[in-house]
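Close look at the chain arrangement
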Amino acid sequence: MKQFIVLFICMLFLSCNQDDFSSSSDSDSKIVVEGWIENDDYAQVILSTSIPITAVVDSTTILNNVIRSAKVTVSDGEKVEVLRLKRDSDRIPPFIYYGSEILGKSGKEYTLKIEYLSRVIQAKTIIPAVVPLKKATYIKENTQDTTGYIFIEFDDPVLEKNYYQVTTRIDKEEPIFVPAFYGNLNDDNFSSSAIAMQVNRGVLIFPKTKFKPYFTDGDLIYVKLKTLNKETYDFWNSWQNEIVNGRNPIYPSNTSLKSNISGGLGLWTGYGQSTIVVRTPPKK
């Protein structure tokens, strides 16, 4: 099942202050980056040009602004790899630059370089250490219910400073991992190193019908605990604040999402990750 996902290429630009982008000409447009590398996986990067603040945002607009002819290079300090553009029909936009040679490892630094027309965009990141998920369980308030929530458990390392993000993906329904509501965590707020918490299903866009933040019998759910660096936590926290405060991040607001991209907008980040698969009871 394909799902329309409004990616950061819309959110990052349209949630920025309008004063920064007074013209929609090519010379004034920004390159927007959504890029990441996880431990034990390869880099992925999505590129677009910024969308004018007054534009109608739909799948056609997104496709028209996708960058498909850039040179995208990732380095781990030892190897250098030029990412290849591939089509993924389950994603919108369906064009993603994929790596296949440099495998992410915790503790290593990764640099990103994007060359497009006369522009050069750069960023760097480090993959934090992995904090393993100990347990993820689907729990219903009443046995007769057909819906429930995920509860997770993990141990926060006492002598380390950590930031986390909890994400979920429902098999055959969601093509990507979706940040959970209130799923961005700063261990300064933990009262104990043994963490047990409820995970509320998140949403990337505001649906036409009332959103239901729970999971349903019959779902096969992937639950991922990500470790973040500070700049990535700040980015996702600013995104979360837009959602919590009732602002749809695909429309203009007075705040700007954080960015670590030199010469552009967006995010290039490394994630430590631990994933557990949760099987819910079959539908009755």
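Residues numbered from 1 in each chain as written. Predicted model: local features only at pLDDT ≥ 70, side-chain atom pairs only at ≥ 80, totals over all residues. Heavy atoms only, no water.

**Re the pairing of strand β7 (residues 109-116)**
Because side chains alternate across β7, one face comprises the buried residues Tyr 110, Leu 112, Ile 114 and Tyr 116, and the other comprises Glu 109, Thr 111, Lys 113 and Glu 115, none of which is buried. Direction of pairing for strand β3 (residues 71-75) relative to β7: antiparallel, over a ladder of five bridges. Bridging across to β7, Val 72 finds its partner in Ile 114. Pairing of β7 with strand β8 (residues 119-126), which is carried by eight bridges, proceeds in the antiparallel orientation. (Buried < 20%, exposed > 50% of the residue type's maximum accessible area, 1.4 Å probe, protein only. Helix = DSSP H or I, 4+ residues; strand = E, 2+ residues; numbered from the N terminus. Pairing = 2+ DSSP bridges.)

**A look at the nonpolar core**
Val 33, Val 45, Leu 47, Val 72 and Trp 268 are the most contacted members of the largest nonpolar core, which totals 22 residues. Looking at this core, the elements that each hand over two or more residues are β1 (31-38), β2 (44-49), β3, β7 and β8. Sort the elements by how many residues they give to this core and β7 lands first, with four residues. (Core = buried A, V, L, I, M, F, W, Y, C linked by side-chain atoms within 4.5 Å.)

**Things to note about the side chain of Lys 224**
Summarising the element assignment, Lys 224 is placed in strand β15 (residues 220-228). Among the polar contacts listed, one links the side chain of Lys 224 to the side chain of Glu 38, at a separation of 3.1 Å. Leaving out residues up to four positions away in the same chain, Lys 224 has contacts with Glu 38, Leu 133, Gln 165, Val 166, Thr 167, Phe 177, Gln 273, Ser 274 and Thr 275. (Polar contact = N/O pair within 3.5 Å; in protein donor to acceptor, adjacent residues only side chain to side chain. Contact = heavy atoms within 4.5 Å.)

**Some remarks on the pairing of strand β12 (residues 178-186)**
With seven of nine residues buried, β12 lies mostly within the body of the structure. Relative to β12, strand β11 (residues 163-170) runs antiparallel, the two sharing five bridges. Looking at β12, one finds that Tyr 163 is bridged to Asn 186.

**Examining unusual backbone geometry**
Phi at Asp 40 takes a positive value of approximately 65°, unusual for a residue other than glycine. The topology assignment puts Asp 40 in the loop between β1 and β2. Judged by its relative accessible area of 58%, Asp 40 falls in the exposed class. Look at Lys 172: it is not a glycine, yet its phi comes out positive at around 70°. One can find Lys 172 in the loop between β11 and β12.

**Some remarks on the sheet that holds β3**
The four strands are arranged β4-β3-β7-β8 in an open sheet whose pairing can be described as antiparallel. Looking at which strands have only one partner, the edges of the open sheet turn out to be β4 (80-82) and β8. Across the sheet, the mean angle separating the axes of adjacent strands is 15° when strand polarity is ignored. (Axes fitted to C-alpha atoms, helices over the stretch in contact; angles between N-to-C directions.)

**With respect to the pattern of salt bridges**
Counted under the stated rule, the structure contains eleven salt bridges. In this structure, Glu 38 and Lys 224 form a salt bridge, with 3.1 Å as the shortest nitrogen-oxygen distance. Of this pair, Glu 38 sits in strand β1 while Lys 224 sits in strand β15, and the two are 186 residues apart along the sequence. Taking the relative accessible area as the measure of exposure, Glu 38 reaches 7% and is therefore buried. The salt bridge partner of Asp 234 is Lys 230, with a shortest N-O separation of 2.9 Å. Separated by four residues within a single helix, Asp 234 and Lys 230 lie in helix α3 (residues 230-244), roughly one turn from each other. Residues participating in the shared-partner salt-bridge network are Asp 76, Glu 78 and Lys 108. (Salt bridge = Lys/Arg side-chain N within 4 Å of Asp/Glu carboxyl O.)

**A word on the sheet that holds strand β16 (residues 265-279)**
In space, the eight strands of this open sheet follow the order β5-β6-β2-β1-β16-β15-β11-β12, with mixed pairing throughout. Of all the strands in the sheet, the pair left with one neighbour each is β5 (84-87) and β12. Each strand of the sheet is rotated relative to its neighbour by a mean of 30°, with strand direction disregarded.

**Concerning the side chain of Thr 280**
Tracing the backbone shows Thr 280 in the segment after β16. For Thr 280, the side chain forms a polar contact with the main-chain oxygen of Thr 216, separated by 3.4 Å. Polar contacts involving the side chain of Thr 280 include one to the main-chain carbonyl oxygen of Asp 219, which spans 2.7 Å. With near-sequence residues (within four places) excluded, Thr 280 lies in contact with Tyr 138, Thr 216, Asp 217, Gly 218, Asp 219 and Ile 221.

**Notes on the packing of aromatic side chains**
Two measures describe an aromatic ring pair: the distance that separates the ring centres and the angle between the ring planes. In the structure shown here, the tally under the stated rule is six aromatic pairs. The interplanar angle of 85° and the centroid separation of 6.4 Å between the aromatic rings of Tyr 149 and Tyr 214 together place this pair among those described as edge-to-face. With Tyr 149 in strand β10 (residues 147-155) and Tyr 214 in the loop between β13 (194-199) and β14 (215-216), this residue pair connects regions lying 65 residues apart in the sequence. An aromatic cluster is defined as three or more aromatic residues linked by ring pairs; in this entry it consists of Phe 154, Tyr 164 and Phe 190. (Phe/Tyr/Trp six-rings, centres within 6.5 Å; stacked < 30°, edge-to-face > 60°.)

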